[in-house]
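Per-entry structural report
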Amino acid sequence: MMTSDTQLLRSYVRKKSQDAFTELVRRHLDLVYSAALRQVRSPQLAEEISQSVFADLARGADKLKSDTLLTAWLYQVTRRTAIDVVRRESRRQARERLAVEMADMNTATDWPHIEPLLDDAMEALDEPDRAAILLRYFENKSLREVGQSLGTSDDAAQKRVSRAVERLREFFSKRGVTIGAGGIIVLISANAVQSAPLALAATISAAAAVLAGTAVHTSTAISATKAIAMTALQKTLVTATIAILAGAGIYEARQMSQLSGQVRTLQQQQAPLIAQIRQLKHERDDAEGKLATVQDGKTQSNRDEAELLRLRGEVTQLRSDLTKRSDPNMAGFKGAPNLNAPFTRYYINYAPLKAVMRTKLATMYEQLRLSAEQMQAIEGIVTNLSSKDPERQINALLSPEQQTAYDELKQKEAISNLQARLHREVGELQYGLKLTAGQMDQVSSALYDVELNDTMAKLDGEFTADPITVWEHSAARWEQLNEKKFNALTNILSPPQLYSLRAWQADDVQMQKSNTDQVIARARAMQTFSTESK
């Protein structure tokens, strides 16, 4: 007789039997791996999740109750672990995309701003830090090569390079050029060292050969003076030659010094102009963004007003049709018997929550592999105005495999919508609050955490109430979410930025409440008309 899971667990807990635990792994590994694979869609991640689940079992086997069904316990732990992995991977991918986009955005425009200041910034570094930057980003050497050149380990070289980049960033920031550490690295690596003309190397080599020949002759002449006495004329010629060469060297050095001074003066005069140009550019972009927002708002307002007028006209027409149907003189009115059916389709086309759900039906049909009967039943639940708890009704129609696929579909859609919304919101905050590059990274990460937690918390409860109840609570939920975002950004933004953010959120909540009131009024009017029609 095969030993039960409970007996194997008891043997493992009491005797630390590795054979018992190995048998448990053999029995349930396929289940755990398959459940993880459906969630993450990656064999490598599914293997990691499987290892983590059985590690949790090994650590917590003594805490399981005697009546615990091991299969169900493993399935639930696998699902929770997979969700955590999906969240972590989504957060990492979003941060990487934002970092790449910001690096691409800054690389093309910031080099002209830091180029005039780069050599002064390098001069301000300590000698070891300057050498580390030159080796790492001017010559593009690896950290191991940098460490060998400086006589340190790889980790020490990494820390020195990071510290030097941060000092460069502070140097540029004090002179009106705001750029992140990642942007500095990209710009220096790509632009600091340019290819010299090909003919220059040959010219320098030829000049070096001539100088080497002169040095040989000079050395020979000096040796000869030790053996034979120089005449007065020879001494005069040598002295004159040395004086001429010395004078030429002094003159060239003076000229170079004067030219260097002029270059530095021009750079100093140019720096304020560059800062002013950049400020004007930011102000222009800000004005263009605000103008586009105003235009979009005006267009949407006009569109909503036209839609409302059209809906009122159609409701009036429907009421007129209803009156005709109830009139004894209009007994032959052709549309009377089927009035409820077109009204239902009418409501589906214009009720926002139902319309959103209707667009999901095609995707559900394909990915859940629904039968025609299931599709028809689900559409009836979704489009029924008086449906209560449609989510529970839909799950009752699905098989366990379809329920799992349905959960995955909702989770993927929620995360996709979250990423698109986050990208748009961070862009609006960048223009509205004039965020620095460093603030952009922190704001994106903080908002992503808030949005992800809110999305996951609402995912299981989505569409559990009738549409009007959902919309009645949406404005309050929106205000609560804005408050969480404000608290998350308190330690990132400056006081003026926080003040502007609070004002912006107040306007956003007010607009959300206004839109919600319009939707609720329209839905209630439709419900009233539906009741009267019956």
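Thresholds, definitions, all that
Here, residues in each chain are numbered from 1, in the same order as that chain's written sequence. Per-residue local features of the predicted model are confined to residues with pLDDT of at least 70, and side-chain atom pairs are confined, for both listing and counting, to 80 or more; whole-chain, interface and lining totals are unaffected and use all residues. Excluded from the side-chain calculations are hydrogens and water; all other atoms, namely the structure's heavy atoms, are used. Numbering of helices and strands runs from the N terminus, with a helix taken as a DSSP run of H or I at least four residues long and a strand as a DSSP run of E at least two residues long. A simple rule labels every residue: compare its accessible area, found with a 1.4 Å probe on the protein chains alone, to the largest value its type can have, and call it buried under 20%, exposed over 50%, or partly exposed in between. Throughout, a contact is declared for two residues whenever any of their heavy atoms are within 4.5 Å. Exposure was quantified through the Shrake-Rupley algorithm and a 1.4 Å probe, taking into account, for residues, occlusion by the shown protein chains and nothing else. The term salt bridge refers to a side-chain nitrogen of Lys or Arg lying within 4 Å of a carboxyl oxygen of Asp or Glu. Working definition: rings of Phe, Tyr and Trp (its six-membered ring) pair if their centres are within 6.5 Å, and the pair is stacked with planes under 30 degrees apart, edge-to-face with planes over 60 apart, and tilted otherwise. Among buried residues, the Ala, Val, Leu, Ile, Met, Phe, Trp, Tyr and Cys ones that are joined through side-chain atoms within 4.5 Å form a nonpolar core. On a range of 0 to 100, pLDDT expresses the predictor's confidence in each residue. Helix axes are fitted to C-alpha atoms over the stretch in contact, other axes to C-alpha atoms as well, and angles between N-to-C directions run from 0 to 180 degrees. What makes a crossing left-handed is the near helix being turned counterclockwise from the far one by less than a right angle; a clockwise turn instead makes it right-handed.

1. So, the overall build of the protein chain
Along the backbone of the protein chain there are 18 helices and zero strands. With 534 residues in all, the protein chain has 31% of them scored as buried. Pairs at least 24 apart in sequence give 67% of the contacts found in the protein chain among residues at least 6 apart. A total of about 33,300 Å² of accessible surface is found on the protein chain, and carbon and sulfur atoms cover 56% of it.

2. A closer look at the pattern of salt bridges
Applying the stated rule across the entire model yields 21 salt bridges. When the shortest N-O distance is used, the salt bridge between arginine 92 and glutamate 89 registers 2.7 Å. Of this pair, arginine 92 and glutamate 89 both sit in helix H4 (residues 70–123), three residues apart, roughly one helical turn. Under the relative-accessibility criterion, arginine 92 is labelled partly exposed at 36%. Residue glutamate 89 is classed as buried on the basis of its relative accessible area of 18%. Note that arginine 421 is salt-bridged to glutamate 451, the shortest N-O span being 3.0 Å. Linking arginine 421 in helix H15 (residues 400–433) with glutamate 451 in helix H16 (residues 437–459), this pair joins segments that are 30 residues apart in sequence. One network of salt bridges, in which partners are shared, links Asp126, Asp129, Arg160, Arg163 and Arg167.

3. Some words on the packing of aromatic side chains
Under the counting rule described, the total for this entry stands at two aromatic pairs. With a centroid separation of 4.9 Å and an interplanar angle of 35°, the aromatic rings of tyrosine 12 and phenylalanine 21 are classed as tilted. Overall, the relative accessible area of 9% leaves tyrosine 12 in the buried class. For phenylalanine 21, a relative accessible area of 13% puts it in the buried group. A ring pair is formed by phenylalanine 171 and phenylalanine 172, whose centres lie 6.1 Å apart and whose planes are at 80°; its orientation type is edge-to-face. For phenylalanine 171, a relative accessible area of 13% puts it in the buried group. Classification of phenylalanine 172 as buried rests on a relative accessible area of 0%.

4. Description of unusual backbone geometry
Although it is not a glycine, arginine 41 adopts a positive phi angle of roughly 60°. Classification of arginine 41 by relative accessible area gives exposed; the value is 54%. Of note, the phi angle at lysine 434 is positive, near 55°, even though the residue is not glycine. Judged by relative accessible area, lysine 434 falls into the partly exposed class, the value being 47%.

5. Let's talk about the environment of leucine 31
Looking at the secondary structure, you find leucine 31 in helix H2 (residues 18–40). Residues leucine 31 and threonine 71, 40 residues apart in the sequence, show an inter-C-alpha distance of 8.3 Å.

6. So, the nonpolar core
Counting 44 residues, the largest nonpolar core has Val40, Leu57, Val443, Leu489 and Leu493 as the members making the most contacts within it. Where this core is concerned, the elements lending two or more residues are helix H1 (5–15), H2, helix H3 (43–60), H4, H15, H16 and helix H18 (495–533). Not counting residues up to four positions away in its chain, the partners in contact with valine 443 are Leu429, Leu435, Leu489, Ile492 and Leu493. Counting 22 residues, the second largest nonpolar core, distinct from the first, contains Tyr137, Ala164, Phe171 and Ile179.

7. Some details on the confidence of the model for the protein chain
Per-residue confidence for the protein chain gives a mean pLDDT of 75, with 66% of residues at or over 70. A low-confidence stretch, residues 214–253 (pLDDT under 50), is modelled with four contacts involving residues beyond four sequence positions or located in other chains. Across residues 326–353 the pLDDT falls below 50, and counting only partners more than four positions away or on other chains, this stretch makes 38 contacts in the model.

8. Here's the deal with the packing of H1 against H2
Viewed as axis vectors pointing N to C, H1 and H2 meet at an angle of 145°, and their least axial separation amounts to 8 Å. Considering only the axes of H1 and H2, their crossing is left-handed. The segment H1 lies against H2, with Asp5, Leu8, Leu9, Ser11 and Tyr12 engaging Gln18, Ala20, Phe21, Glu23, Leu24, Arg27 and His28.

9. Quick look at the environment of leucine 489
Within the secondary structure layout, leucine 489 lies in the loop between helix H17 (467–488) and H18. On the accessibility criterion, leucine 489 (2% relative accessible area) is buried. Residues leucine 489 and alanine 446 lie 43 residues apart in sequence; the distance between their C-alpha atoms is 7.0 Å.

10. Some thoughts on the side chain of lysine 485
Position of lysine 485 among the secondary structure elements: in helix H17. If we ignore the near neighbours within four places in the chain, the residues touching lysine 485 are Glu425, Leu447, Val450, Glu451 and Gln505.

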